[in-house]
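If you want the building blocks of each chain, they are given just below.
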Amino acid sequence: MTRPIGIFDSGYGGLTVFRSIAEQLPQYDYLYLGDNSRAPYGNRSFDTVHEYTLECVEWFFRMGCPLVILACNTASAKALRTIQQKDLPQIAPKNRVLGVIRPTAEVIGNYTKTRHVGILGTRGTILSNSYCIEIGHFYPDIAVHQQMCPMWVPLVENGEHTSDGADYFVKKYLDELMGGAPDIDTLLLACTHYPLLTDKIRKYLPEHIQIVAQGDIVANSLAEYLTRHPEIDGRLTRNGTTRYFTTDDAAEFDMYATMFRGEAVRSEHTTL
Ligand code: DGL
């Protein structure tokens, strides 16, 4: 029986993170789950995001994963803490669930010189204030400027992110953010869908501003975590396999997933 690392997202976005993880840690077995039938999560309440995410985490545990990565900022912001503190001790005390916000907050201070950082995320991620809180722990000297971009995930999920129509919403949110915080020199894509909009984001930003995506940051952090936690690492199997699952239509998932993953994806439908 394989004991894979579980990679979760509400839909396709987590594949941009998985791409980096698979590149850096190809030896492990992986299960990817996109909860496409209920995506996007971005505008949903805390309770709903927690309920949906927990159901998916339990699915991973039933599939034999000792470790699950929430490769979704919305789920990390709105469900992770409750799952770690309340649910895990009851349902699977030896298993672990990790998110993407803390590892990103830990290193963001290495990128900025002006100490003004912009955070672009879904409504849920921004309203949770998770990035302000986490970055504040590690770097109290950094000013965090947040901007919600509720139209970006639908643009990406509908394959419209390279269309001319997308420019309007990319420019709109960047103008709103930069207008109020001209000292920003580092812009974090705090949603796993946003790397697909990088070309357009670049087009509307002054050149000196660096755009930071989370894939490599999360992959580095996972590699370090596994070194520090042999009790988890030792439970994971290493055959280099990946299985993809979606709660919606598998053929449609494969069509879009390839774009996020950067290589062909063949998924299976699952129910939770
Ligand atoms: N990929 C998710 C994130 O990183 C957002 C997608 C959604 O709204 O479900 O926040």
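A. Representation of helix α11 (residues 215–228). Here α11 contains 14 residues, and its C-alpha end-to-end distance of 20 Å stays within 8% of the 20 Å for a straight helix at 1.5 Å per residue. When α11 is considered as a whole, its buried residues turn out to be Gly215, Ile217, Val218, Ala219, Leu222, Ala223, Tyr225 and Leu226.

B. Quick peek at the site of the ligand. Not every one of the 13 residues close to the ligand is listed here, only the nearest: Ser10, Tyr41, Gly42, Thr74 and Thr192. In this structure, an oxygen atom belonging to the ligand sits 2.6 Å away from a main-chain N or O atom of tyrosine 41. Notes on the ligand: free accessible area 300 Å², of which the protein chains cover 99%. Here the shell around the ligand is composed, by residue class, of five nonpolar, seven polar and one charged.

C. Focus on unusual backbone geometry. The step from alanine 39 to proline 40 runs through a cis peptide bond, and the omega angle for that step is -5 degrees. Phi is positive for arginine 115, close to 65 degrees, though the residue is something other than glycine. The residue arginine 115 is located in the loop between α5 (101–107) and β5 (116–121) in this model. For asparagine 129, which is not a glycine, the phi torsion comes out positive at approximately 60 degrees. Tracing the backbone shows asparagine 129 in the loop between α6 (123–128) and α7 (130–138).

D. Here's a closer look at the nonpolar core. Counting 68 residues, the largest nonpolar core has Ile5 and Trp152 as its most contacted members. Ranked by the residues each element gives to this core, the list is headed by α11, at seven residues. Discounting residues that sit within four places of it in the chain, isoleucine 5 has contacts with Tyr28, Asp29, Tyr30, Leu31, Cys65, Leu67, Ile69, Leu222, Leu226 and Leu236. Within the second largest apolar cluster, 24 residues are counted, among which are Leu33, Trp59, Ala79 and Leu80.

E. Representation of the side chain of histidine 193. Among the structural elements, histidine 193 can be located in the loop between β7 (186–189) and α10 (198–203). Under the relative-accessibility criterion, histidine 193 is labelled buried at 3%.

F. Fine view of the sheet that holds β7. Taking strand neighbours across the sheet as the criterion, the four strands line up as β6-β5-β7-β8 in an open arrangement whose pairing is parallel. Both outer strands of the open sheet, β6 (143–148) and β8 (210–212), are each paired with one neighbouring strand and no more. Neighbouring strand axes in the sheet, compared pairwise and without regard to direction, differ in orientation by 25 degrees on average. The sheet contact formed by β7 and β8 spans three bridges and is parallel. Bridging across to β8, leucine 188 finds its partner in valine 212. Running over the sheet, helix α9 (residues 164–180) touches β5, β6 and β7 and is turned about 155 degrees from β6.

G. Region of interest: helix α2 (residues 46–62). For α2, which comprises 17 residues, the first-to-last C-alpha distance of 24 Å matches the rise-based estimate of 24 Å (1.5 Å per residue) to within 8%. If you check which residues of α2 are buried, you get Val49, His50, Tyr52, Thr53, Leu54, Cys56, Val57, Trp59, Phe60 and Phe61. In the stretch just after α2, glycine 64 is the one whose phi turns positive, near 95 degrees.

Reading the values: rules and limits
- Residues numbered from 1 in each chain as written.
- Predicted model: local features only at pLDDT ≥ 70, side-chain atom pairs only at ≥ 80, totals over all residues.
- Heavy atoms only, no water.
- Helix = DSSP H or I, 4+ residues; strand = E, 2+ residues; numbered from the N terminus.
- Expected span 1.5 Å × (residues − 1).
- Buried < 20%, exposed > 50% of the residue type's maximum accessible area, 1.4 Å probe, protein only.
- Near = heavy atom within 4 Å.
- Polar contact = N/O pair within 3.5 Å; in protein donor to acceptor, adjacent residues only side chain to side chain.
- Areas by Shrake-Rupley, 256 points an atom, 1.4 Å probe, with all protein chains shown as cover.
- Nonpolar A, V, L, I, M, F, W, Y, C, P; charged D, E, K, R; others polar.
- Core = buried A, V, L, I, M, F, W, Y, C linked by side-chain atoms within 4.5 Å.
- Contact = heavy atoms within 4.5 Å.
- Pairing = 2+ DSSP bridges.
- Axes fitted to C-alpha atoms, helices over the stretch in contact; angles between N-to-C directions.

Any link to function would need more than the numbers given here.
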